[in-house]
Amino acid sequence: MKFKQAYLFAVLLLLAVTVSACDSNDDDPMPPGLSGDMLQVEGPRGTTVSIPLALDAEAGVKSLTLAVDGGGPTSLSVTTGTMQANYTHSFDIPGATTLGTVFNLVFTLTDEEDAITRVTAMVTTTKSIDTPSTYEFSRNGETSVSYSGQIERLDQLEAIKAYIKTADGGAVVSEQVFLDMFANTGGDGAGNFTFTSTKQLKDKTFVPDLDAQLFEDMFARAAAASVDGNAGVEATNGTAGLIVRENSGNTVLVDENGREFTQFIEKGLMGAVLYNQIYNTYLTDVRIGNDVENFELSEGKNYTAMEHHWDEAFGYWDPPLDFTSPWPSERGSEDRFWSHYSNTVDNVNNGLLGTNSLIMTALKEGRTAIVNNDLAAKDTQRDVLYGAFELVAAGTAVHYINDTIGFLGEGKTGEAFHVLSEAWAFTNALRYSPQRTMDLGELETIMETDFGSDGNFWNATVLGLNTAKSKIVAAFPDLAPVQDDL
């Protein structure tokens, strides 16, 4: 009897263990798994990046969704019911994305029993390009740089300069010819250009100067003075005519105050057109502000609007594409107008100013920042340019003030008036920056008093010139170490 009871107890115990084991096999499936080997992805704006994921759902996949930066979830295409699968999501980084923008992509996997798991991938916007060694930018194997309109206007200024210089040699020049070239009458300066162009200088001239007819008046006075010069009239205090430059023996045409027409017209337009357009048009928010189109290409072109506007500012400075500090003397003919005068002050005192590289680096880095949509860097380089362009004008003004002081000391009036005319014009250029360092009243005093009382170069003194020099150097402290070397 005892044996039967023991046997029955053993059988019941075995059944209990078996039932317990079966219960353990009916546990709920493990929560779904969602993982990836590359959940921190980088790519330039306007490109597509891949995010590989591993899906694992013992109860079968029900759905996979994606929410970007806290937005509502969107369904992704997956095979329902599968227990394991590899999935690659392609994410398009929007073209308007600024450099360094991070997108947070939250993937949510739900299984057939409504258990969920989430994983976050981060997509960081990186650079499209690095800063090139020269000012050369391309897209799809073709250049994306264009500033032909600027080159045409510089060519027009070259032609005007060549024409007024004939008066320095005693030729009679025409007011109407100046006006026709200034407005590019007929697309070829009324036949006075050796080329055709749809551009002109007049409509790009600083509006207050244009309204005041500054250049039209100068053209008229130059034409009238050239008649006297042609007749052999020698310039004296109060009389326009020709004055001899003592070092070369050549003559230049000056007005009744000793101001050389060639320098006032050429350098004056360098400021009123070229500088003005850089400062007050192409570096403004209207042309390169953060809201200007910088992804879609302009119709029929290989550049965005912002890229093109930056290039047009570059075109008004017009340096060689590989311009640097110091610039080799054997390539001196490759720069002109503002890049030429940057080179004039660039290597003084063993390159202490280094204006060529300063400006060129800012132009290249700013253009690179635009391609990368790095708007903060673009604005930083714009600020560098505002200051650096002014530094060139101020340094060149001091350079010619120094020359004037030297020539006055040698009693060379013709040479002194020639370089003082350049000093006046470069000082005048400092008026055009909207971020100008010196106020208009101070600049007016330098040009109309310190360079000779009553705006008359015949009244110029070494004391007045040194006063002007001190004011400019005080405003531009970078010039202090080189002020006597310029």
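Residues numbered from 1 in each chain as written. Predicted model: local features only at pLDDT ≥ 70, side-chain atom pairs only at ≥ 80, totals over all residues. Heavy atoms only, no water.

**Some remarks on helix α5 (residues 214-230)**
Point 1. When the terminal C-alpha atoms of α5 are compared, their 24 Å separation across 17 residues agrees well with the 24 Å that a helix rising 1.5 Å per residue should span.
Point 2. Tucked into the core, α5 has its buried residues touching α2 (148-168), α3 (175-183), α4 (207-211), β11 (241-244), β12 (251-254) and α6 (261-282).
Point 3. Count one or two residues on from α5 and you reach Gly232, which has phi positive near 90°. (Helix = DSSP H or I, 4+ residues; strand = E, 2+ residues; numbered from the N terminus. Expected span 1.5 Å × (residues − 1). Contact = heavy atoms within 4.5 Å.)

**With respect to a negative patch on the surface**
Point 1. Residues Asp56, Glu58, Glu112 and Glu113 make up a contiguous surface patch of negative charge.
Point 2. Classification of Glu58 as partly exposed rests on a relative accessible area of 45%. (Patch = residues over 30% accessible without salt bridge, like charges linked within 9 Å, V, L, I, M, F, W, Y side chains within 5 Å. Areas by Shrake-Rupley, 256 points an atom, 1.4 Å probe, with all protein chains shown as cover. Salt bridge = Lys/Arg side-chain N within 4 Å of Asp/Glu carboxyl O. Lys, Arg positive; Asp, Glu negative; His and termini not counted. Charge placed at Lys NZ, Arg CZ, Asp CG, Glu CD. Buried < 20%, exposed > 50% of the residue type's maximum accessible area, 1.4 Å probe, protein only.)

**Focus: the side chain of Thr108**
Point 1. Within the element layout of this structure, Thr108 appears in strand β7 (residues 102-111).
Point 2. Note on Thr108: relative accessible area 11%, which makes it buried.
Point 3. At 3.3 Å, the side chain of Thr108 forms a polar contact with the side chain of Arg118.
Point 4. The contact partners of Thr108, leaving out residues within four places of it in the chain, are Leu34, Ser63, Leu64, Thr65, Ile116, Thr117 and Arg118. (Polar contact = N/O pair within 3.5 Å; in protein donor to acceptor, adjacent residues only side chain to side chain.)

**Some points on the sheet that holds strand β4 (residues 61-68)**
Point 1. Strand order in this open sheet of 5 strands is β2-β8-β7-β4-β5, and the pairing throughout is mixed. The open sheet has two edge strands, β2 (40-44) and β5 (74-76), and neither has a second partner. Across the sheet, the axes of successive neighbouring strands diverge by a mean angle of 30°, strand direction being ignored. (Pairing = 2+ DSSP bridges. Axes fitted to C-alpha atoms, helices over the stretch in contact; angles between N-to-C directions.)

**A short note on the pattern of salt bridges**
Point 1. Counted according to the given criterion, the structure contains 25 salt bridges.
Point 2. With its nearest N and O atoms 3.2 Å apart, the salt bridge here joins Asp209 to Arg431. Of this pair, Asp209 sits in helix α4 while Arg431 is found in the loop between α13 (413-429) and α14 (440-450), placing the two residues 222 residues apart along the sequence. The burial state of Asp209 is the same as that of Arg431; both residues are buried.
Point 3. Arg367 serves as the salt-bridge partner of Glu307, at 3.9 Å between the closest nitrogen and oxygen.

**Regarding the pairing of β2**
Point 1. Covered by surrounding structure in β2 are Val41 and Gly43 only, the residues Gln40, Glu42 and Pro44 on the alternate face being uncovered.
Point 2. Note: β2 against strand β8 (residues 116-126), 5 bridges, orientation parallel. Looking at β8, one finds that Val41 is bridged to Val123.

**What to know about the sheet that holds strand β1 (residues 33-35)**
Point 1. Strands sit in the order β1-β3-β6 across an open sheet of 3 strands; the sheet is antiparallel. Taken across any chain shown, the strands that pair with only one partner, and hence form the sheet edges, are β1 and β6 (84-92). Strand-to-strand twist in this sheet, taken as the mean axis angle between neighbours without regard to direction, amounts to 25°.
Point 2. Here β1 runs beside strand β3 (residues 48-56); their pairing, made up of 3 bridges, is antiparallel.

**Topic: the side chain of Thr205**
Point 1. Among the secondary structure elements, Thr205 is positioned in the loop between α3 and α4.
Point 2. There is a polar contact of 3.0 Å between the side chain of Thr205 and the backbone oxygen of Leu201.
Point 3. Setting aside residues up to four positions removed in sequence, Thr205 forms contacts with Phe182, Leu210, Phe215, Ala272, Val273 and Asn276.

**A word on the packing of aromatic side chains**
Point 1. All told, the structure shown has 27 aromatic pairs when counted by the stated rule.
Point 2. Relative to Phe389, the ring of Tyr275 has its centre 6.1 Å away and its plane inclined at 65°; by these criteria the two rings are edge-to-face. Within this pair, whereas Tyr275 is found in helix α6, its partner Phe389 is found in helix α12 (residues 375-409), the two being separated by 114 residues in sequence.
Point 3. Here Tyr275 falls in the buried class, since its relative accessible area comes to 1%.
Point 4. Ring pairing ties together the aromatic residues Tyr275, Tyr279, Trp317, Phe323, Trp327, Trp338, Tyr341, Tyr386, Phe389, Tyr400 and Phe426, which thus form one cluster.
Point 5. Looking at Arg367, its charged tip hangs above the ring of Phe137, at a distance of 4.7 Å from the centre. (Phe/Tyr/Trp six-rings, centres within 6.5 Å; stacked < 30°, edge-to-face > 60°. Lys NZ or Arg CZ within 6 Å of the ring centre and 35° of its normal.)

**What about the packing of α2 against α3?**
Point 1. The N-to-C vectors of α2 and α3 enclose an angle of 170°; their axes lie 10 Å apart at closest approach. Of the possible angle classes, the one that applies to α2 and α3 is roughly antiparallel. Where α2 approaches α3, its residues Gln156, Ala159, Ile160, Tyr163 and Ile164 are matched on the opposing element by Val177, Phe178, Met181 and Phe182.
Point 2. Class assignment for the residues of the contact of α2 with α3 results in 8 nonpolar, 1 polar and no charged. (Parallel < 35°, antiparallel > 145°, perpendicular 65-115°, else oblique. Nonpolar A, V, L, I, M, F, W, Y, C, P; charged D, E, K, R; others polar.)

**Regarding the environment of Leu157**
Point 1. For Leu157, the position within the fold is in helix α2.
Point 2. According to the relative accessible area criterion, Leu157 is buried, its value standing at 1%.

**Some remarks on the pairing of β8**
Point 1. Across the two faces of β8 the burial differs, with Thr117, Val119, Ala121, Val123 and Thr125 buried and Ile116, Arg118, Thr120, Met122, Thr124 and Thr126 not buried at all.
Point 2. Hairpin geometry of β7 and β8 is characterised by an intervening segment of 4 residues between the two adjacent antiparallel strands and by a positive phi of about 70° at Asp114.

**Section: the nonpolar core**
Point 1. Grouped together as the largest cluster of nonpolar side chains are 106 residues, with contacts concentrated most on Leu274, Trp317, Trp338, Phe451, Ile472 and Leu479.
Point 2. A total of 15 residues in this core trace back to one element, the largest contributor, which is α12.
Point 3. If near-sequence neighbours (up to four positions away) are discounted, Phe451 is found in contact with Ile401, Leu420, Ala423, Trp424, Thr427, Ile446, Asn456, Phe457, Ala460, Leu465 and Ala468.
Point 4. Listed in part, the 23 residues of the second largest apolar core include Phe91, Leu105, Leu109 and Val123. (Core = buried A, V, L, I, M, F, W, Y, C linked by side-chain atoms within 4.5 Å.)

**Quick notes on the packing of helix α11 (residues 355-371) against α12**
When two helices pack together, their arrangement is given by the angle between their axes and by how far apart the axes lie.
Point 1. In contact at an axis separation of 9 Å, α11 and α12 are set at 155° when each is read in the N-to-C sense. As summarised for this structure, α11 and α12 are arranged roughly antiparallel, according to the angle between their axes. Crossing hand, α11 versus α12: left-handed. Judged by residue contacts, Thr355, Leu358, Ile359, Thr361, Ala362, Leu363, Glu365, Gly366, Ala369 and Ile370 of α11 engage Ala377, Lys378, Gln381, Val384, Leu385, Ala388, Phe389, Leu391 and Val392 from α12.
Point 2. Taken together, the residues of the contact of α11 with α12 sort by class into 13 nonpolar, 4 polar and 2 charged. (Left-handed = near helix turned anticlockwise from the far one by under 90°.)

**Remarks on the confidence of the model for the protein**
Point 1. Scored by pLDDT, the protein comes out at a mean of 93, with 93% of its residues at no less than 70.
Point 2. Below pLDDT 50 for its whole length, residues 1-26 participates in 0 contacts with residues either more than four positions away or in separate chains. (pLDDT = per-residue confidence, 0-100.)

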